[in-house]
Amino acid sequence: MNPIFIQPPQVAWASGALSEGPLLRKSTRIQDLAGIFVDEQARQKMPDDLIVYDVEMLATSPAEGELYTGVTHLYPGKIGHEYFMTRGHFHNRREQGEVYFGLRGSGLLLLQNEQGEARLERVFAGSVHIIPGFTAHRLINTGDDVLSALAVWPAVAGHDYAALANGFSLRVIEENQSVQVKEAKNG
Ligand code: F6R
Ligand code: MN
């Protein structure tokens, strides 16, 4: 019998580029992030169509029990003093966790439970982040290069952005050329 060796999808570890699979892509731009950054006026002064982050994911089954795989590329930059970051979300199915793996660049993963208690994990090439259920998560790029992270999450998890309408309880800004963490006023 002649075996058939299936060519699986691939991730280029150094860049996070996915290939060999049907892929879905989504770009999130300055115009999509109204109300997310503390300095809304500074956001409005930036080019609407500037991409803050791209997500590329494998178009795999959405069925119960299946997993999604995707890579986020968060570009370096700031709005006012606040570093570029993802919108951030809880999962619709709150009990569903996720794993992030840092691939390149340097930044932070902001994690926050339903009581509003937040913590920050360093993200770098090789970092592994176990995001438990009931925990909102947001990537923040504090470096000068693209921050890329691979994620694997349950297909049924879904995204709940509305639950964070008042924002996370911490903000990460640049002050005196260093990374500073502040309590959010609205968090
Ligand atoms: C999936 C997941 C990531 C994010 C991506 C963009 O559950 O956590 O793939 O979706 O980093 O962030 P958001 O979805 O917050 O815009
Ligand atoms: Mn998630």
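Just above, that's the structure.
Here the residue numbers are simple positions, counted from 1 along each chain's written sequence. By the order in which they are written, chains take letters starting at A while ligands take numbers starting at 1. In keeping with the model being predicted, local features are shown solely for residues with a pLDDT of at least 70 and side-chain atom pairs are shown and tallied solely at 80 or more, while totals for entire chains, interfaces and linings include all residues. The basis for every side-chain value is the complete set of non-hydrogen atoms in the structure, without hydrogens or water.

Engineer: For this particular structure, what's the right way to read the sheet that holds strand β9 (residues 107–113)?
Structural biologist: Backbone-to-backbone hydrogen bonds join strands into a sheet, with any given pair of strands oriented parallel or antiparallel. Ordered by their spatial adjacency, 3 strands build an open sheet running β10-β9-β12, and the pairing between neighbours is antiparallel. Across the chains shown, the open sheet's two edge strands, defined by having one partner strand only, are β10 (118–123) and β12 (135–141). Here the average twist between neighbouring strands, direction ignored, is 20 degrees. Taken together, the 7 bridges between β9 and β12 define a ladder with antiparallel strand orientation. Here the rule is simple: two strands pair whenever DSSP picks up at least two bridges between them. Where helices and strands are cited, they refer to DSSP runs of H or I of at least four residues and of E of at least two residues respectively, numbered from the N terminus. Here an axis means a line fitted to C-alpha atoms, over the contact stretch when the element is a helix, while the angle between two N-to-C directions is reported on a 0 to 180 degree scale.

Engineer: Would you mind going over the site of ligand 1 with me for this structure?
Structural biologist: Taken together, 14 residues sit near ligand 1, with Tyr-53, Thr-72, Gly-88, Tyr-100 and Tyr-161 positioned nearest. Within the side chain of Glu-98, an N or O atom sits 2.9 Å from an oxygen atom of ligand 1. Residue burial considers only the protein chains on display, and all accessible areas are found by Shrake-Rupley using a 1.4 Å probe. In isolation ligand 1 offers 390 Å² of accessible surface; the protein chains occlude 95% of this area. Elements that contribute at least two residues to the shell around ligand 1 include exactly β4 (51–58) and β8 (98–104). Lys, Arg, Asp and Glu make up the charged group, whereas Ala, Val, Leu, Ile, Met, Phe, Trp, Tyr, Cys and Pro make up the nonpolar group; the residues left over, Gly among them, are polar. Of the residues belonging to the shell around ligand 1, the class tally is 5 nonpolar, 7 polar and 2 charged. Throughout, the term near means that a residue has one or more heavy atoms lying within 4 Å of the molecule or strand in question. The definition of a polar contact used here is a pair of N or O atoms within 3.5 Å, where within protein one atom must be able to donate a hydrogen and the other to accept one, and adjacent residues in sequence count solely through side-chain atom pairs.

Engineer: Looking at this model, I keep getting lost on the coordination of the manganese ion (ligand 2). Mind explaining?
Structural biologist: Expected angles at a metal are 109.5 degrees for tetrahedral coordination by four donors and either 90 or 180 degrees for octahedral coordination by six donors. Ligating atoms shown are N, O and S within 2.8 Å of the metal, or 3.2 Å for Na, K and Ca, and water is not included, meaning a site may look less than complete. Around the manganese ion (ligand 2), the protein supplies His-89 (NE2), His-91 (NE2), Glu-98 (OE) and His-137 (NE2) as donor atoms, at distances of 2.1 to 2.3 Å. Each of the 6 donor atoms bound to the manganese ion (ligand 2) contributes to angles spanning 73 to 174 degrees, and the resulting shape is octahedral. Coordination of the manganese ion (ligand 2) draws on donor residues from a single chain, spaced H-x1-H-x6-E-x38-H in sequence. Neither His-89 nor His-91 differs from the other in exposure class; each is buried. Between 85 and 135 degrees for all angles marks four donors as tetrahedral; over 155 degrees for opposite donors together with 65 to 115 for all other angles marks four donors as square planar and six as octahedral; every other arrangement is irregular. Burial classes follow relative accessibility: with a 1.4 Å probe on protein chains only, a residue under 20% of its type's maximum area counts as buried, one over 50% as exposed, and anything between as partly exposed.

Engineer: Would you mind going over the packing of aromatic side chains with me for this structure?
Structural biologist: Ring pairs (aromatic) are described by centroid distance and by the angle formed between their planes. Any two of the Phe, Tyr and Trp rings considered here, Trp counted by its six-membered ring, make a pair once their centres fall within 6.5 Å; the pair's planes then place it as stacked at under 30 degrees, edge-to-face at over 60, or tilted in between. Summed over the entire model, instances satisfying the criterion amount to 1 aromatic pair. Relative to Trp-153, the ring of Tyr-68 lies with its centre 5.8 Å away and its plane at 65 degrees, an arrangement referred to as edge-to-face. Placement of Tyr-68 in strand β5 (residues 67–74) and of Trp-153 in strand β13 (residues 147–154) is noted, with a sequence separation of 85 residues between them. Considered together, Tyr-68 and Trp-153 belong to a single accessibility category, that of buried residues. We note Arg-87 situated over the ring of Tyr-161; from NZ or CZ to the ring centre the distance is 5.8 Å. Both a distance and an angle decide whether a charge sits over a ring: NZ of Lys or CZ of Arg must be within 6 Å of the ring centre and within 35 degrees of the ring normal.

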